[in-house]
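Tertiary structure, described
The lines below spell out each chain.
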Number of protein chains: 4
Amino acid sequence: MLPLCGGENLKNDNETQSKLLLSAKREFMEKGYMKASLRNICKEAGVTTGALYFFFQDKEDLFASLVEEPLEILLNIMKQHYSEELVDSEFKENGKLDFSDDLEVVKHVIHHSYQHYDEFQLLLTKSQGSRFEKCIDQIVEFSEKHYRILADMYSEQTNTKKLDDYIVHWFAHMQIDIFVHMLTHEKSEEAALQSMVSIMKYLMAGWSGLFDEI
Amino acid sequence: MLPLCGGENLKNDNETQSKLLLSAKREFMEKGYMKASLRNICKEAGVTTGALYFFFQDKEDLFASLVEEPLEILLNIMKQHYSEELVDSEFKENGKLDFSDDLEVVKHVIHHSYQHYDEFQLLLTKSQGSRFEKCIDQIVEFSEKHYRILADMYSEQTNTKKLDDYIVHWFAHMQIDIFVHMLTHEKSEEAALQSMVSIMKYLMAGWSGLFDEI
Amino acid sequence: MLPLCGGENLKNDNETQSKLLLSAKREFMEKGYMKASLRNICKEAGVTTGALYFFFQDKEDLFASLVEEPLEILLNIMKQHYSEELVDSEFKENGKLDFSDDLEVVKHVIHHSYQHYDEFQLLLTKSQGSRFEKCIDQIVEFSEKHYRILADMYSEQTNTKKLDDYIVHWFAHMQIDIFVHMLTHEKSEEAALQSMVSIMKYLMAGWSGLFDEI
Amino acid sequence: MLPLCGGENLKNDNETQSKLLLSAKREFMEKGYMKASLRNICKEAGVTTGALYFFFQDKEDLFASLVEEPLEILLNIMKQHYSEELVDSEFKENGKLDFSDDLEVVKHVIHHSYQHYDEFQLLLTKSQGSRFEKCIDQIVEFSEKHYRILADMYSEQTNTKKLDDYIVHWFAHMQIDIFVHMLTHEKSEEAALQSMVSIMKYLMAGWSGLFDEI
DNA sequence: GATGAATGAGTGTTCATTCAT
DNA sequence: AATGAATGAACACTCATTCAT
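Residues numbered from 1 in each chain as written. Chains lettered and ligands numbered in written order. Predicted model: local features only at pLDDT ≥ 70, side-chain atom pairs only at ≥ 80, totals over all residues.

What follows covers the overall build of chain A. Tallying secondary structure elements over chain A gives nine helices and zero strands in all. Starting at the N terminus and walking to the C terminus, you meet the elements of chain A as α-α-α-α-α-α-α-α-α. In chain A, which comprises 214 residues, the share counted as buried stands at 31%. Of the contacts made within chain A by residues no fewer than 6 positions apart, 68% connect residues no fewer than 24 positions apart. (Helix = DSSP H or I, 4+ residues; strand = E, 2+ residues; numbered from the N terminus. Buried ≥ 20, exposed ≤ 12 C-beta atoms within 10 Å, placed from the backbone. Contact = placed C-beta atoms within 7 Å.)

So, on to the environment of Leu-122 of chain A. Residue and element names in this part refer to chain A. Mapped onto the secondary structure, Leu-122 falls in helix α6 (residues 117-125). Note: C-alpha distance between Leu-122 and Gly-32 (90 residues apart in sequence) is 7.6 Å. In this view, Leu-122 contacts Phe-28, Met-29, Leu-66, Val-67 and Ser-127; residues no more than four positions away in its chain are not counted.

Moving on, we get to the interface of chain D and chain C. Many structure descriptions define interface size as the accessible area lost when the parts assemble. Opposite the 15 residues of chain D that make contact, chain C presents 14 residues. Elements with a minimum of two residues in the side of chain D that touches chain C: α8 (165-185) and α9 (189-207) of chain D. In terms of residues, the side of chain D that touches chain C owes the most to one element, α8 of chain D, which gives six residues. Residues of the side of chain D that touches chain C, tallied by class, amount to eight nonpolar, six polar and one charged. (Nonpolar A, V, L, I, M, F, W, Y, C, P; charged D, E, K, R; others polar.)

This next bit is on the interface of chain B and chain A. Counting from both sides, the interface comprises 14 residues of chain B and, opposite them, 14 residues of chain A. Elements represented by at least two residues in the side of chain B that touches chain A include exactly α8 (165-185) and α9 (189-207) of chain B.

In this section: the packing of helix α5 (residues 100-115) of chain A against helix α9 (residues 189-205) of chain A. Two quantities define a packed helix pair, namely the angle between the axes and the distance from one axis to the other. Residue and element names in this part refer to chain A. Their axes nearest at 10 Å, the elements α5 and α9 cross at an angle of 155 degrees. By the angle between their directions, the pair α5 and α9 is classed as roughly antiparallel. Between α5 and α9 lies a crossing of right-handed hand. Contacts from Leu-103, Val-106, Lys-107, Ile-110, His-111 and Tyr-114 of α5 reach α9 at Glu-189, Ala-192, Leu-193, Met-196, Val-197 and Met-200. The residue makeup of the contact of α5 with α9, split by class, is nine nonpolar, one polar and two charged. (Axes fitted to C-alpha atoms, helices over the stretch in contact; angles between N-to-C directions. Parallel < 35°, antiparallel > 145°, perpendicular 65-115°, else oblique. Left-handed = near helix turned anticlockwise from the far one by under 90°.)

For the match of chain B to chain A, the screw axis carries a shift of 0.1 Å, the RMSD comes to 0.3 Å, and the turn is 178 degrees. Both copies of the chain, as the preceding transformation shows, are related through a two-fold rotation axis. When the interface residues of chain B are mapped onto chain A, 100% of them again fall at the interface, so both copies present the same face. (Least-squares fit on C-alpha atoms with pLDDT ≥ 70 in both.)

Turning next to the protein's contact with DNA strand F. Residues in close proximity to DNA strand F total 34 residues, the closest being Thr-16 and Gly-50 of chain B, Gly-50 and Ala-51 of chain C together with Ser-37 of chain D. Listed by contribution, the elements that provide at least two residues to the surface near DNA strand F are α2 (38-45) and α3 (49-55) of chain A, α3 (49-55) of chain B, α3 (49-55) of chain C together with α2 (38-45) and α3 (49-55) of chain D. Taken together, the residues of the surface near DNA strand F break down into 12 nonpolar, 16 polar and six charged. (Near = placed C-beta within 6 Å.)

Time to look at the protein's contact with DNA strand E. Close to DNA strand E lie 34 residues; Gly-50 and Ala-51 of chain A, Ser-37 of chain B together with Thr-16 and Gly-50 of chain D are nearest. Where the surface near DNA strand E is concerned, the elements lending two or more residues are α3 of chain A, α2 (38-45) and α3 of chain B, α2 (38-45) and α3 of chain C together with α3 of chain D.

This part covers the environment of Ile-41 of chain B. Residue and element names in this part refer to chain B. Summarising the element assignment, Ile-41 is placed in helix α2. Put simply, Ile-41 and Glu-27 are 14 residues apart on the chain and 6.4 Å apart in space, counted from C-alpha to C-alpha. Apart from the residues lying within four places of it in its own chain, the contact partners of Ile-41 are Leu-20, Ser-23, Ala-24, Glu-27 and Ala-36.

What follows concerns the UniProt feature "DNA-binding region" (unreviewed entry) in chain A. Under the present numbering, the feature "DNA-binding region" (unreviewed entry) in UniProt falls on residues 37-56 of chain A. The span residues 37-56 of chain A carries 75% helix and 0% strand; its end-to-end C-alpha distance comes to 15 Å. (UniProt positions renumbered as here; feature names shortened; annotations may be inferred.)

When chain D is fitted onto chain C, the two copies agree to an RMSD of 0.3 Å after a turn of 178 degrees and an axial shift of 0.1 Å. The share of interface residues of chain D whose copies in chain C are also at the interface is 93%, consistent with both copies meeting through the same surface.

This part takes up the domain arrangement of chain A. All names here are of chain A. According to the domain assignment, chain A contains domain 1 (8-56) and domain 2 (66-209). Taken together, the contact between domain 1 and domain 2 spans eight residues of the former and nine residues of the latter. Looking at the side of domain 1 that touches domain 2 residue by residue, the class counts come to six nonpolar, one polar and one charged. (Domains from an automatic or database assignment.)

This part covers the UniProt feature "domain: HTH tetR-type" (unreviewed entry) in chain A. Those places that UniProt annotates as "domain: HTH tetR-type" (unreviewed entry) correspond, in this numbering, to residues 14-74 of chain A. With 85% helix and 0% strand, the stretch residues 14-74 of chain A has end C-alpha atoms that lie 26 Å from each other.

Next up on the list: the packing of helix α8 (residues 165-185) of chain A against α9 of chain A. Residues and elements named next belong to chain A. Relative to each other, α8 and α9 sit at 160 degrees, their axes nearing to 10 Å. Classed by the angle they form, the pair α8 and α9 counts as roughly antiparallel. Crossing angle aside, the handedness with which α8 passes α9 is right-handed. Counting all contacts with α8, which are made through Met-174, Ile-178, Phe-179, Met-182 and Leu-183, the residues of α9 involved are Ala-192, Ser-195, Met-196, Ile-199 and Leu-203.

What follows concerns the environment of Arg-148 of chain C. All names here are of chain C. Along the chain, Arg-148 falls in helix α7 (residues 135-158). Using a count of 16 C-beta atoms within 10 Å as the deciding quantity, one classes Arg-148 as partly exposed. Measuring from C-alpha to C-alpha, the distance between Arg-148 and Ile-167 comes to 9.5 Å, with 19 residues separating the pair along the chain.

Of note in this structure, Asn-159 of chain C is not a glycine but carries a positive phi near 55 degrees. Position of Asn-159 of chain C among the secondary structure elements: in the loop between α7 and α8 (165-185).

The next thing to look at is the confidence of the model for chain A. Taken over all residues, the pLDDT of chain A has a mean of 84, while the share at 70 or more is 86%. Throughout residues 1-12 of chain A the model reports pLDDT below 50, and contacts reaching past four residues in sequence, or to other chains, amount to three contacts. (pLDDT = per-residue confidence, 0-100.)

Residues and elements named next belong to chain C. Taking 1.5 Å per residue, 24 residues should reach 34 Å; α7 reaches 35 Å between its end C-alpha atoms and fits that length. Within α7, the full set of buried residues consists of Ile-139, Val-140, Ser-143, Glu-144, His-146, Tyr-147, Leu-150, Ala-151 and Tyr-154. Backbone geometry just downstream of α7 places Asn-159 in the positive-phi region, at approximately 55 degrees. (Expected span 1.5 Å × (residues − 1).)

Residue and element names in this part refer to chain B. Taking 1.5 Å per residue, 16 residues should reach 22 Å; helix α5 (residues 100-115) reaches 23 Å between its end C-alpha atoms and fits that length. Looking only at α5, the buried set comprises Asp-102, Val-105, Val-106, Val-109, Ile-110 and Ser-113. Down the axis of α5, the smallest arc covering the buried residues is 130 degrees, so these residues share one side. For α5, the exposed residues set more than 90 degrees away from the buried face come down to Ser-100 and Gln-115. (Arc of directions from axis to C-beta.)

Here's what the structure looks like:
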């Protein structure tokens, strides 16, 4: 936390550790968490197994060292945006929900995840067998809470029915699925952003309609 | 040998094989394809390793014996529905796309997949490492082709712009994601059906709007 | 032995057994005794494992059923020729050893072994792991005894030194090696015969010289 | 690391590896390559299976570690002798072929192979199933080329007919067979040498006669 | 910091053989 | 005469992990 040594990330000071992380990233990317071989990671890094166990507790810790921080940051971005959003959340004169903040989050999140493209690939498509295999659920749960609150506020203020939990859950899930889909299929941030935004708009357009349905 | 029982599936006549399939289903369900241990499956079935290899070629064949048929049937349901649909596809007077056939497919598909609940769980969430790990893509590809054709027909008849491939791909993907999500989260067929249908309606409502966007 | 049923080999009366023997020959030829798989032999023969064990005691018995008789016959040919030879063995006026009988044996042996080409291939190059893996030694031993007697007779009658055992052993061995070599490298009986004879002549030419050496 | 002991082979520094090699030699010798059990080798060496795989890639590598070097050296001895031989090859006044160099090779080769007696036993009689199973052919091919050249030189200089390929091949094969035979049957180098030399002389005596035959 | 030797349980798979029917 | 289900030990090999140095 302290900007010692000029603020450089302390972890990367060590060359061996860096080589291991790089090699690990390649191996996990190629084979996925379970099939990845620590033996191989060490060999590719030009380092012995012992060295790996000096820096990392075990296989899972090595994987976590790659993906944990980017995930935490993502979660923090969402947390922060959502709390801000709730504070100044207002409804426009036309009585429609304002999703402009949501689009901001999306942009921010996409930017962050393309900054750490490899790490999010690992997290979203290569983590089966590790403790991160359910990380999507974690993210969903996060945005689900947000939409639950948002929906409740809306239905209170417009005297419409309360949205079913499963609708909210699904909406949140859908959003994350789209996000994952983008990250998996679009190589460039620009393309992803464009697709994502137009799809989000499409989804959000029908959102208020949900409150009128029986 | 004699068709006494009215042509009941011959495969399951054998007790050992049945016990193995049951035991395998439990093991795969619990640990996923890769971490599942054949030794364990045999032990739980009260059978030796050799017996397993009498009935199944290898680990993958054992897994396939559980999930292949349900998957094939699902694909056939989609294939059949889609081909019928295209034949008598018409647009209502109000110029809107008619998704009533799609809803029929969804109902049929959901019914089938809840009849083989465990098998689809295996297929969709436990197949990593087997040749079925990409089966979702296979299903998506299937419905994507369908929506591509549907979209082209619509834009021709209404003189609107042709839909981008990625929009079509996303729409198809989304639909499958919802399906997977339902299957994973809703225990009962009724609940799943209800959720699925209302979400499909929501998605389809905005569909024609896509053709007007820039 | 009795020419019942028209003299047909009784073994081949049974179709299943014949198919097994044929399939076994192919498998042993392709993979050698050890790597041959009984499972595979049965599958190729279109027969179950149990059937194999009805006709044959075990893997070795199956192999023996293919090669034993041809080997016995070969040994008998040698035995018969050699005993005849010793009876009317004489030395020509020029005092040289008469190998014309030996050439007769060679011709007979080669004829027999090309009549059962596959079986001798099995015996000589594919039998490792079975009780026939040392059958070459058996044949060598046979002809060694013959040459021992022949050499002793010669040295007695010509008052030359007695040949060392190792020379006799080597001479016998050499002859068999040549035979094996021919069988392995020459596809046609004619070619083999021609090569074999000229080589034998070459070897035999120097034979008498051995008795003069110190 | 320090060249204390005068550059002694570093491989054998390790005790476990040495024990494994010793145990492996015994097992391969007793059962042959295919039937040898790595489990057993490890047990006899008082070491776990993992240890074996730390030092050797697989079963074949373990076998190769025993026999490869001795074989290479043998091939090199032949290569070197043969190339020297061709350079100063001359024919004596009496017009006979000079095989004195060949005898030198034989002596050298026999000395080398008795220095590594066990390894050559493995190579020549226990290697079936490994990549060395055809190593005799390799050696034959080597000396065959040599005799082909030698024969051609002779026939050119004496204006005699060119020797058939199969005669040359057979002569080379014969020589190697004798060598293998010696190594397999004579325990001591001295006995082997004596036998080998006298047999070689015998064979070479008739060699020039081959050029006169039709 | 890092080495490299070693562990030991685990993997999927193959095999010759048996035996009730 | 032949089936086909079942055995159970064995196989080569891989793995994450440990630890004295």
